[in-house]
Amino acid sequence: MNFTLLLRDKKVLFILLVVNIIGSLYGFIWYGGQLSITPNKYLIFVPDSPTASLFFVFVLIGLILRTNLPLFEALAIVTLFKYGIWAVVMNVLVLIEIGYLDWSSYMLIFSHGAMAIQGLLYKSFYKIKGWHLVVAAIWTLHNDVIDYLFNMMPRYSVLDNYIPQIGYFTFWLSVISIGITYFLCIRKKKAIPEI
């Protein structure tokens, strides 16, 4: 079986669906303490990673049903890559700052690394158009504004002294994530002639 057929296999899609549902639920629980003190108007913007994996849950449901949900595809690929890489980098920074990580931090590095990869793996199945990516870009960059101008970013207390630098890194990671999505899902597909 070739890799493309493997990715499209219903058993693989179903396993990924279950993993992403569990990961999303765990992520919302992980954010529970922060969500309990977050003003209602910001609630939707706080749980970044579980929201990204929830977008991918809808993408997987679409693929299982042999249909496309391109807005969710755009939101998923951009945010999965962004927050997957972001969480890996933040945990590595914690390791550098304090010299050790507990088991849950290593689990976060592994799971978020996988999160970043899974959205990219399905790029050839997406039907993203320019306007879908524009909406995903607005969502993602607006989320950065909420996080770093209104102080709603995920809490890593040992990194509090680096918030401006982390905000700057996060903005450019958003831009890179949007650019990768454009290149892989829009520009590259335009370059391939229709048969």
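Residues numbered from 1 in each chain as written. Predicted model: local features only at pLDDT ≥ 70, side-chain atom pairs only at ≥ 80, totals over all residues. Heavy atoms only, no water.

Quick notes on the layout of surface pockets
At step 1: Roughly 520 Å³ of internal volume is contained in the largest pocket.
At step 2: Lining the largest pocket are 26 residues, with Gly23, Ser53, Ser111, His112 and Met115 positioned closest to its centre.
At step 3: When the residues that make up the lining of the largest pocket are grouped by side-chain class, the tally is 16 nonpolar, nine polar and one charged.
At step 4: Approximately 220 Å³ is the volume found for the second largest pocket.
At step 5: In terms of lining residues, the second largest pocket is bounded by 14 residues, among which Val94, Ile98, Ser105, Tyr156 and Val158 are the most central.
At step 6: Those elements that place two or more of their residues in the lining of the second largest pocket are α5 (70–98) and α6 (103–121).
At step 7: Tallied by class, residues from the lining of the second largest pocket come to eight nonpolar, four polar and two charged. (1 Å grid on protein atoms, 1.4 Å probe; cavity = no way out; pocket = protein on both sides within 12 Å on 5 of 7 lines; lining within 4 Å. Points joined across faces, edges and corners; volume = space filled by probe spheres on them. Nonpolar A, V, L, I, M, F, W, Y, C, P; charged D, E, K, R; others polar. Helix = DSSP H or I, 4+ residues; strand = E, 2+ residues; numbered from the N terminus.)

Side note on the pattern of salt bridges
At step 1: Evaluated as defined, the whole model comprises one salt bridge.
At step 2: Between Asp144 and Lys82 there is a salt bridge whose closest N-O contact spans 2.4 Å. Separated by 62 residues along the polypeptide, Asp144 in helix α7 (residues 130–149) and Lys82 in helix α5 bring together distant segments of the chain.
At step 3: A relative accessible area of 0% places Lys82 in the buried class. (Salt bridge = Lys/Arg side-chain N within 4 Å of Asp/Glu carboxyl O. Buried < 20%, exposed > 50% of the residue type's maximum accessible area, 1.4 Å probe, protein only.)

Digging into unusual backbone geometry
Outside of glycine, negative phi angles account for most residues, and trans bonds account for most peptide bonds.
At step 1: Unusually for a residue other than glycine, Arg66 sits at a positive phi of about 60 degrees.
At step 2: Judged by relative accessible area, which is 47%, Arg66 ranks as partly exposed.

By themselves, these figures tell us nothing about what the structure is for.
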